[in-house]
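Commentary on secondary and tertiary structure
Chain by chain, the residues:
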Amino acid sequence: MATFFGEVLSVYSRAVEEDDDDLDDENEDERIHREIEEKREVHIVWCPEVAQSLEDSGSNKLQCSDLIIAVGTNAAGFLSAYVLNTESWDAVGHVSLWNERSRGSSRQSIAPLPGEPACLFYRHRDNPAVLVCQSTCYIAEDQLFQWTEKVFGCLQKRGLSVMVLSDSPVAEYKTPDYLYGSAVPFLRSLKSSASKGQALCPALEQPNILTGLPAAVLSHCQVHQIPAVLYQCYTDVISPDSITMETFKPALLCLSKLVKLEPCLSADVLRKFAIITEAQSNLYT
Amino acid sequence: MAARYDRAITVFSPDGHLFQVEYAQEAVKKGSTAVGIRGKDIVVLGVEKKSVAKLQEERTVRKICALDEHVCMAFAGLTADARIVINRARVECQSHRLTVEDPVTVEYITRHIATLKQRYTQSNGRRPFGISALIVGFDYDGTPRLYQTDPSGTYHAWKANAIGRSAKTVREFLEKNYTDEAIATDNEAIKLAIKALLEVVQSGGKNIDLAVIRRNQPLKLLESKEIETLVAEIEKEKEDEAEKKKQKKST
């Protein structure tokens, strides 16, 4: 800059960006994004035997012929009561993740406590190709893809068949007809195109849609042409309830072909898994 | 479609629904079953007992409440709403006695309750009462009455009716079995109420509460022993009927 008196002053131009500050900001933003991503990452923790067999197999994949996934407290309770109550199932792993609604333990290696919302894997001792997954924790939308990729990434795709059980409030079921009390709870099904067999209940009518983990799993199976069938139970009770769990019974037909099931289940065993809210809830008389 | 019209109670939907009132009727279905029968000289209220927690005082969990000496009601739905309605009705019964020096007629107190319920369907910021009530009693002139109210504030007189969880099943049973012979005596009317409840109650007599009002007598809550005796009588009658049918078939 030239002044009136002929001297030349060097001044900083305000038009030039202050590179140093910007870089810091960007770095900070990137750092925060990375931290959040790491925090929200989905980790599958297998038990030592399974981790070993994963390593031993060349492709890092487990042999699995049937994967049964239960999403939601009623579906998980049904599996616990009807399938997992025999002694022949081993807990082989769990999924550890963090989101605002599912604050998993900060150390991944700690298995979730019984009764905590969690995502657990069980394998049948006599038929190790049958895997059961019980998911009662909330998995955020941004984590669903990771969950599906990582879980299915550990399984052999060939010969795999998937069944998903999930529950949903009946208030979300859209229908032009009035639903009488006796119709609820009820089952509806959805299949991937690769699935050949007949579903055991009517198909889910339009415009109803699935969301969350069941939708992510079914989408993955559809894309990768894995035969998959989903049974969604619509119920009017918000807590785990024995009548809702009994609604999943038709699925036992498929399961009994794979593993030996308890032939006859007393209502008492079911009630153990259903939270007895009726006595505590004095809301309705 | 309902989503835009069920927020505020005072808004009609384009097809004329008041969704909050209809949802309140769904809340009624969450309560356990109650049945009311109008006999010739007796009125009977039977309810499915709610399962009581181990440490809870059983006698504070009652579905049948006296409104006055000659009127009582059973409700189904939200417990707290019922308490408010019952309190207001009891106050009105006494106020009526003091003002008019006569006990209320069953229709009067039912109309009072129904008017109260209707007011709550027409003001903003308030939700309807989530209860239906069966109101039974004898009028001053000795006529037995049974009325039913619902969250919308309507009330009607009935010969026999049921509200709550499996009301439809019980009502169908009553439609088939409410005959003049069935209510010929007081005992028969009580047994009809028990039979109706046994259609939907799971574990039999120990889950049933019964209240009766006889003409010129106060409300009487039956003891569980009496109910068990009556249930045993009903079972025996059923067996005898089945035996008779078998014999008829074989001859």
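Residues numbered from 1 in each chain as written. Chains lettered and ligands numbered in written order. Predicted model: local features only at pLDDT ≥ 70, side-chain atom pairs only at ≥ 80, totals over all residues. Heavy atoms only, no water.

The name given to chain B in an unreviewed UniProt entry is Proteasome subunit alpha type, with the source organism recorded as Oncorhynchus mykiss. Its UniProt record gives chain B a comment under Subunit (unreviewed entry), which states: "The 26S proteasome consists of a 20S proteasome core and two 19S regulatory subunits." (UniProt positions renumbered as here; feature names shortened; annotations may be inferred.)

If you look chain A up in an unreviewed UniProt entry, it shows as Proteasome assembly chaperone 1 from Oncorhynchus mykiss. Among the UniProt annotations of chain A, the heading Sequence similarities (unreviewed entry) holds the following wording: "Belongs to the PSMG1 family."

**Examining the overall build of chain B**
The helix and strand inventory of chain B stands at 6 helices and 10 strands. Taking 2.2 N^0.38 as the reference for a compact globule, 251 residues should give roughly 18 Å; the C-alpha atoms of chain B span a radius of gyration of 19 Å, in line with that estimate. Considering only C-alpha atoms, chain B reaches an extent of 70 × 50 × 40 Å along its principal axes. Here chain B holds 251 residues, and 47% of them are scored as buried. For chain B, the proportion of contacts with a sequence separation of at least 24, taken over those separated by at least 6, is 62%. Accessible area of chain B: about 13,500 Å², with a carbon and sulfur share of 50%. The centroid of the 41 positive side-chain charges in chain B is displaced by 4 Å from the centroid of its 36 negative side-chain charges. (Helix = DSSP H or I, 4+ residues; strand = E, 2+ residues; numbered from the N terminus. Rg over C-alpha atoms; globule rule 2.2 N^0.38 Å. Buried < 20%, exposed > 50% of the residue type's maximum accessible area, 1.4 Å probe, protein only. Contact = heavy atoms within 4.5 Å. Areas by Shrake-Rupley, 256 points an atom, 1.4 Å probe, with all protein chains shown as cover. Lys, Arg positive; Asp, Glu negative; His and termini not counted. Charge placed at Lys NZ, Arg CZ, Asp CG, Glu CD.)

**Here's the deal with a negative patch on the surface**
The grouping of Glu-26, Glu-28, Asp-29 and Glu-30 of chain A at the surface amounts to a negative patch. Look at Glu-30 of chain A and you get partly exposed, because its relative accessible area is 46%. (Patch = residues over 30% accessible without salt bridge, like charges linked within 9 Å, V, L, I, M, F, W, Y side chains within 5 Å. Salt bridge = Lys/Arg side-chain N within 4 Å of Asp/Glu carboxyl O.)

**A closer look at the packing of helix α2 (residues 79-100) of chain B against helix α3 (residues 106-119) of chain B**
Think of two packed helices as two axes; the pair is described by the angle between the axes and how far apart they sit. All names here are of chain B. Running from N to C, α2 and α3 cross one another at 135°; their axes reach a closest spacing of 10 Å. As judged from the angle between their axes, α2 and α3 are oblique. Two packed elements cross with a definite hand, and for α2 against α3 that hand is right-handed. Residues Val-85, Arg-88, Ala-89, Glu-92, Cys-93 and His-96 of α2 form the contact with α3, whose own contacting residues are Tyr-108, Ile-109, His-112, Ile-113 and Leu-116. (Axes fitted to C-alpha atoms, helices over the stretch in contact; angles between N-to-C directions. Parallel < 35°, antiparallel > 145°, perpendicular 65-115°, else oblique. Left-handed = near helix turned anticlockwise from the far one by under 90°.)

**Some words on the sheet that holds strand β7 (residues 130-135) of chain A**
Residues and elements named next belong to chain A. Strand order in this open sheet of 8 strands is β1-β3-β6-β7-β2-β8-β10-β9, and the pairing throughout is mixed. In this open sheet, the two strands that pair with only one neighbour each are β1 (43-46) and β9 (186-191). Averaged over all pairs of adjacent strands, the angle between strand axes in this sheet comes to 20°, irrespective of strand direction. Bridging between β9 and strand β10 (residues 228-235) involves 6 bridges; their strand directions are antiparallel. The residue bridging Leu-190 from the neighbouring strand is Leu-230, located in β10. Relative to β1, helix α2 (residues 48-56) is tilted by about 105°, and along the sheet it contacts β1, β3 (89-96) and β6 (119-124). (Pairing = 2+ DSSP bridges.)

**Some thoughts on a positive patch on the surface**
Residues Lys-244, Lys-245, Lys-248 and Lys-249 of chain B make up a contiguous surface patch of positive charge. Tracing the sequence through the fold places Lys-245 of chain B in helix α6 (residues 224-250).

**As for the confidence of the model for chain B**
Confidence in the prediction of chain B, expressed as mean pLDDT, is 91, and 96% of residues score 70 or more. The ipTM for the predicted assembly is 0.79, set against a pTM of 0.72. (pLDDT = per-residue confidence, 0-100.)

**Notes on the UniProt feature "coiled-coil region" (unreviewed entry) in chain B**
In the UniProt entry, the feature "coiled-coil region" (unreviewed entry) is given for residues 224-251 of chain B. Secondary structure over residues 224-251 of chain B splits into 96% helix and 0% strand, and the C-alpha atoms at its two ends are 41 Å apart.

**Digging into the packing of aromatic side chains**
Residue and element names in this part refer to chain A. The final tally for this structure, using the stated rule, is 9 aromatic pairs over all chains. For the ring pair Phe-78 and Phe-248, a centre distance of 5.5 Å and an interplane angle of 40° mean the geometry is tilted. With Phe-78 in helix α3 (residues 73-82) and Phe-248 in the loop between α6 (242-246) and α7 (250-258), the pair connects residues that are 170 residues apart, well separated along the chain. For the pair Phe-78 and Phe-248, one class covers both residues: buried. (Phe/Tyr/Trp six-rings, centres within 6.5 Å; stacked < 30°, edge-to-face > 60°.)

**Quick word on unusual backbone geometry**
Cis rather than trans, the peptide bond between Gln-206 of chain A and Pro-207 of chain A has omega equal to -5°. When you line up the elements, Pro-207 of chain A lands in the loop between β9 and α5 (212-223). For Gln-225 of chain A, which is not a glycine, the phi torsion comes out positive at approximately 55°. Considering the arrangement of structural elements, one finds Gln-225 of chain A in the loop between α5 and β10. Owing to a relative accessible area of 64%, Gln-225 of chain A belongs among the exposed residues under this scheme. For Glu-101 of chain B, which is not glycine, the phi torsion reads 60° and is therefore positive. Residue placement: Glu-101 of chain B occurs in the loop between α2 and α3.

**Describing the sheet that holds strand β7 (residues 155-157) of chain B**
Residues and elements named next belong to chain B. Taken in spatial order, the 5 strands make up an open sheet running β3-β4-β5-β6-β7, and their pairing is antiparallel. In the strand order of this sheet, the two ends are held by β3 (64-66) and β7, each with one partner. Adjacent strand axes in the sheet meet at a mean angle of 20°, parallel and antiparallel pairs treated alike. Summarising the sheet, β3 and strand β4 (residues 71-77) pair through 3 bridges and their orientation is antiparallel. Across the sheet, Cys-65 pairs through a bridge with Met-73, a residue of β4. Taken strand by strand, α2 contacts β3, β4 and β5 (131-138), and its axis lies near 160° from that of β4.

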